[in-house]
Amino acid sequence: MLTIEETYELADAITANDLKNLEEELGDLLLHIVFYAKIGEEQGVFDIESIMNKLCDKLIRRHPHIYGNVQAESVEAVLNNWEKIKLQEKSGSKKSVLQGVPVALPALPKALRIQEKAAKVGFEWDTKEQVWDKVLEEINELAEAVAKQDAAQQHQEFGDVLFALANYARFINIDPENALNSTNHKFIRRFQEIERIAQEQNKNLEDMSLTEMDAIWNEIKAKEKH
């Protein structure tokens, strides 16, 4: 869990383009890598040198358009070759094209990876309009489940809506995780501004009505657009 936490802290620094903290967070994550390498060395399984050698071998093997004679005319062709080579490498142990999706990935990035891998073998919509129709279909099914007050079905249908939205985001070239994070940051910024304004007016949020707070919210929103 600590390694995952360090990875997220590194991702935060990258997203914020915080070069000062980026250096520190890279060091923190590198410490974990060195630590795991040391454990492997003590157990006689691998060490930092074998890790780097294996990485280099894999990069060479999976980039035949650079280190071999394969022609790749586009980024998509490179990615398709990469996936084909991965499948060939793991043909003995891999029984599904989806098997390589990390179990520990957060749900939204995992949905994207699942969809991307399924698309590589042709399980894919043709247009974004078809995907949007699927989003609307899933929303309607969620509404039906809510109307029936079926908690288990609501849970399932809500997940289907998120999965369909993630797929639509992929079709319009949006990273849903980044988009949601941007909205989270925007909400935090605006809500903290409501708190600041309320404090200036000697008011407690608990004593304010939703209508009052929403009015301030709309003022903040309007100022941000100018």
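The rules we used
- Residues numbered from 1 in each chain as written.
- Predicted model: local features only at pLDDT ≥ 70, side-chain atom pairs only at ≥ 80, totals over all residues.
- Heavy atoms only, no water.
- Salt bridge = Lys/Arg side-chain N within 4 Å of Asp/Glu carboxyl O.
- Helix = DSSP H or I, 4+ residues; strand = E, 2+ residues; numbered from the N terminus.
- Buried < 20%, exposed > 50% of the residue type's maximum accessible area, 1.4 Å probe, protein only.
- Core = buried A, V, L, I, M, F, W, Y, C linked by side-chain atoms within 4.5 Å.
- Axes fitted to C-alpha atoms, helices over the stretch in contact; angles between N-to-C directions.
- Parallel < 35°, antiparallel > 145°, perpendicular 65-115°, else oblique.
- Contact = heavy atoms within 4.5 Å.
- Nonpolar A, V, L, I, M, F, W, Y, C, P; charged D, E, K, R; others polar.
- Expected span 1.5 Å × (residues − 1).
- Arc of directions from axis to C-beta.
- Phe/Tyr/Trp six-rings, centres within 6.5 Å; stacked < 30°, edge-to-face > 60°.

(A) Seen up close, the pattern of salt bridges. Counting across every chain of the model gives 10 salt bridges. For the salt bridge of R190 with E224, the shortest nitrogen-to-oxygen distance reads 2.8 Å. Highlighted residues: R190 in helix α9 (residues 176-200) and E224 in helix α10 (residues 210-224), separated in sequence by 34 residues. Looking at R190, the relative accessible area reads 8%, which means it is buried. Residue classification places E224 among the partly exposed residues on the basis of a relative accessible area of 33%. For R196, the salt bridge goes to E200, with nearest N and O atoms at 2.4 Å.

(B) Spatial organisation of the nonpolar core. Core analysis: the biggest nonpolar cluster contains nine residues, these being I194, I197, A198, L205, M208, M213, I216, W217 and I220. At the level of elements, α9 and α10 are the ones that each hand at least two residues to this core. The element best represented in this core is α10, accounting for four residues.

(C) Region of the structure containing the packing of helix α5 (residues 75-89) against helix α6 (residues 107-120). Contact pair α5 / α6: the axes reach a minimum separation of 11 Å and the direction vectors enclose 90°. The orientation of α5 relative to α6 falls into the category roughly perpendicular. Across from L79, N80, E83 and K86 in α5, the residues of α6 making contact are R113, K117 and K120. Classifying every residue of the contact of α5 with α6 by side-chain character gives one nonpolar, one polar and five charged.

(D) View of the environment of L210. Relative to the elements of secondary structure, L210 occurs in helix α10. In the structure, L210 is positioned 164 residues away from F46 in sequence and 59 Å away in space, judged by C-alpha atoms.

(E) Summary view of α10. The end-to-end C-alpha separation of α10 is 21 Å, in line with the 21 Å expected for 15 residues at 1.5 Å each. Among the residues of α10, those classed as buried are M213, I216, W217 and I220. The arc that holds every buried residue of α10, seen down its axis, measures 105°, which confines them to one face. Check the buried side of α10 and you find it contacts α9.

(F) Geometry of the packing of aromatic side chains. Scanning the model with the defined rule gives four aromatic pairs in all. For the ring pair F187 and W217, a centre distance of 5.3 Å and an interplane angle of 50° mean the geometry is tilted. Separated by 30 residues along the polypeptide, F187 in helix α9 and W217 in helix α10 bring together distant segments of the chain.

(G) Inspection of unusual backbone geometry at higher detail. Backbone geometry at N17 places phi at a positive 55°, although glycine is not the residue there. With respect to the helices, strands and loops of the structure, N17 is situated in the loop between α1 (2-15) and α2 (19-42). A residue is classified by how much of its surface remains accessible, and N17, at 59% relative accessible area, is exposed. Backbone geometry at Q149 places phi at a positive 55°, although glycine is not the residue there. Mapped onto the fold, Q149 is located in the loop between α7 (128-147) and α8 (151-171). Since its relative accessible area comes to 71%, Q149 is described here as exposed.

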